[in-house]
Amino acid sequence: MRLTGITRARRVRAAARASLVLGMFVLVPCRARAQDPAPLTVASPDAKNVVSIGTQHGQLFYGVERRGMKVILPSRLGFAFRGARALSDSLRITGSTRATYDSTFTLPWGEVSRVRDQHNELRVSVEEMVAPGRKFTVVVRAFDDGIAFCYEVAESAAFGDYEMSDELTEFTIADDARAWWISASKPRPDRYEDLFAASPVSNLDTVHTPLTLELQNGIKAVIHEAHLVDYAGMTLAGKFESRTLHVSLSPWADGVKVRGHAPLITPWRTLQLADRVEDLAPSVLGLKLNPPSRIANTAWIAPMKYDGIWWGMHLNTFTWGEGPKHGATTANTKRYIDFAAANGLKGVLVEGWNLGWNGDWMGTHGQFSFTQPYPDYDIQAVTQYAKQKGVTIIGHNETAMGIANYERQLDSAFALYQRLGIKSIKSGYVNDKTQEGHSHTGQYMVRHYRRVVETAAKYGIMVDVHEPIHDTGERRTWPNMMSREGARGQEYNAWGGEGGNPPEHETILFFTRLLSGPMDFTPGIFDLLVKRPEGVARKPEDSRPRTTLAKQLALYVVLYSPVQMAADLIENYEGQPAFQFIRDVAVDWDTTRVISGRIGDYVAVARKAKGKDEWFVGAITDEEARTVSVPLSFLGAGSYVAEVYADGKGASWRDNPTAIAISQKPVTRSTTLQVVMAAGGGQAIRIRRVK
Ligand code: NOJ
């Protein structure tokens, strides 16, 4: 075949890259034995990302490069088992196969509506050279936006029932990259509800994923996992001073990490790769690594905005349990339904409606009933009223990690909700371990979370999980898995101490937690100084949202979720012109563009509303005021009007958070908006076509 100039140049570059990758293995201190063959490599379709895999002295290693620059130095692969030899030494590669894939799938809802899955795959067969001679396959996929690999161990005489004590996968970061991380060992290890720290990799503690890294060579990398089905959730531990992170799996109560019977197929270990932080989002690598939807008809699955009986409990003005301040009364819920119906919100969350909240519900691992309401909550009347108003109740299922109690009731509860027309639940898993001592993110809980989503699908119910396990792309297979918490959300601004989440918080969330999937952050607090009861003075350390009002609005665009709450008490929205933005903002998108950003400083995002010629822009900043240019070149030809919700004169999160300036201006695709943000501020813009 005659090579064109471009193809030839591309091949020469790819060959050069491959030889660099092969050279990576020379970095391993000991010399390879004669029988260690040359490493195998697989490159992404654009040839930028290259994975190599090979053996050295019977140990299996892989490495990753991007544009010829090292990202992951040779890093070990393998497993350790209870009661069996580790699968980590005396290994040899016995063969390999290759394939290329290119397909496009649509999502029923999302940050984008279509995803192209184009990748090259390398399957490497590995065999143990000593008894019992177990065999396994490492499957490697190279995409333009990252790489992924997983292990497959088939059933054989040598491999049947197993108890894994560790997965030995390592990630040796090529340089002392800057990492944005939350600890997986303290202070709330199992709920991901810590503030992010930024430090060189060599200073990390044990960390959660997604772990976002900026290498000194400029490459951005995000370590995470995909397609976690019947396995333990992953954190990263390791010898951080040598930049070697290894997979650490969350255990069962007896310390075993993963138990089962072959075949064993692990989740994908993923490394998203980009040259610019702006190219990390929207992140779809995990979706490409999950199977297509198991729900044939997804028409009933609908993104929505909702209000709810919630913030009052966090402020202590309502209670979950019975008493004079009980929030979930029939009358109160009807008020929230009326408000939702009048403002185009499709859901009303009701917390504290069911028996079990009185007393120490956390300490007892919640002996909740998921079907029996408190006497002052007429579930029939409320759901009927909601139905007439075109609104669904979002049933709250706090479990307090009393999993057996919840699972016993799952079918009867979901059947009841279906009968009543409750189309959505919000579940909760407050507490670090199950009653039996299983980890919050171990295999026991992975199975549980999956069981809930599958059972919910059977009854036509959408799910929003608080205190979840991290998202590994399951919404592709189960699109009723709408959103989850899994980070420090708005609730910390009610009671979290330290004054509330710092102004930089959401500018980090966007480039870290949100890369794994949607987050139910619950934006939209308007009473930003959080009124104290009569006669009680506010202290500086009292928690409150440390944002301006315009930033609260911008969060609806920046922090993606298909279910977005108008989180404040509804009376705080009365007479507020800024509430119009919450009425208008979309929750489902055709496409998403990150205009510009810097992790921990600011980010500006534009999203196109699904099926409409309408765009929304959200920009947020940390504690520094700044101006960001937003060219509107993403618009089509013609005239549009921009409805701008900007920080008002003198606005700042600290002294004047509610000052807001609402204006309209004509724009076209050649307009560049100068988005001016106050300290702790932001800007929210709706852009709609006029001609
Ligand atoms: C923690 C959740 O994040 C919050 O939204 C909920 O109100 C409480 N748990 C009670 O379930």
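Reading guide: rules and limits
- Sequence order sets the numbering: in each chain, residues are counted from 1 along the sequence as written.
- Per-residue local features of the predicted model are confined to residues with pLDDT of at least 70, and side-chain atom pairs are confined, for both listing and counting, to 80 or more; whole-chain, interface and lining totals are unaffected and use all residues.
- Values reported for side chains reflect all heavy atoms of the structure, with hydrogen atoms and water molecules removed beforehand.
- The helix count covers DSSP runs of H or I at least four residues long, the strand count covers runs of E at least two residues long, and both are numbered beginning at the N terminus.
- Within these notes, the globule rule equals 2.2 Å times the number of residues to the 0.38 power, and the radius of gyration is based on C-alpha atoms.
- Each residue gets one of three labels from its accessible area relative to the maximum for its type: buried under 20%, exposed over 50%, partly exposed in between, using a 1.4 Å probe on protein chains only.
- By definition, residues are in contact when any of their heavy atoms lie within 4.5 Å.
- In these tables, accessible area is a Shrake-Rupley quantity obtained with a 1.4 Å probe, and a residue counts as shielded only by the protein chains included in the view.
- Note that His is not counted, nor are the chain ends; the positive residues are Lys and Arg, and the negative ones are Asp and Glu.
- The atom standing in for a charge is NZ when the residue is Lys, CZ when it is Arg, CG when it is Asp and CD when it is Glu.
- Any two strands with at least two DSSP bridges between them are considered paired.
- In this description, a line fitted to the C-alpha atoms serves as the axis of each element, helices being fitted only across the stretch in contact, and the angle between N-to-C directions of two axes falls anywhere from 0 to 180 degrees.
- In the sections that follow, a salt bridge refers to a side-chain nitrogen of Lys or Arg positioned within 4 Å of a carboxyl oxygen of Asp or Glu.

Here the focus is the overall build of the chain. If you tally the helices and strands in the chain, you get eleven helices and 37 strands. For the chain, whose C-alpha radius of gyration is 26 Å, the value lies close to the compact-globule estimate of 26 Å for 691 residues. Expressed as lengths along the three principal axes of its C-alpha atoms, the size of the chain is roughly 80 × 60 × 50 Å. Here the chain holds 691 residues, and 62% of them are scored as buried. Sequence-distant contacts, at least 24 apart, represent 72% of the contacts inside the chain between residues at least 6 apart. Counting only carbon and sulfur atoms, one obtains 51% of the accessible surface of the chain, whose full area is about 24800 Å². Computing the positive centroid from 80 side-chain charges and the negative centroid from 75, the chain places the two 7 Å apart.

Taking strand neighbours across the sheet as the criterion, the six strands line up as 30-31-32-37-34-35 in an open arrangement whose pairing is antiparallel. Strand pairing shows two members of the sheet lacking a second neighbour, strand 30 (589-598) and strand 35 (660-667), which therefore form its edges. Taken pair by pair, the neighbouring strands of this sheet meet at an average axis angle of 15°, ignoring direction. With seven bridges joining them, strand 31 (residues 602-609) and strand 32 (residues 614-621) adopt antiparallel strand pairing. Bridge pairing links Val-605 to Gly-618 in strand 32. Contacting strand 31, strand 32, strand 34 (640-647), strand 35 and strand 37 (682-689), helix 10 (residues 549-558) crosses the sheet at an angle of about 125° to strand 32.

What follows covers the pattern of salt bridges. Under the criterion given, the structure shown has 41 salt bridges. One salt bridge in this structure joins Glu-127 and Arg-92, with 2.9 Å as the shortest N-O distance. Placement of the pair is Glu-127 in strand 8 (residues 114-128) and Arg-92 in strand 7 (residues 91-106), with a sequence separation of 35 residues. Overall, the relative accessible area of 18% leaves Glu-127 in the buried class. Under the relative-accessibility criterion, Arg-92 is labelled partly exposed at 39%. The shortest N-O distance in the salt bridge between Glu-163 and Arg-259 comes to 2.8 Å. Here Glu-163 is found in strand 11 (residues 161-167), whereas its partner Arg-259 is found in strand 20 (residues 258-261), with 96 residues between them in sequence. For Arg-259, a relative accessible area of 21% gives the class partly exposed.

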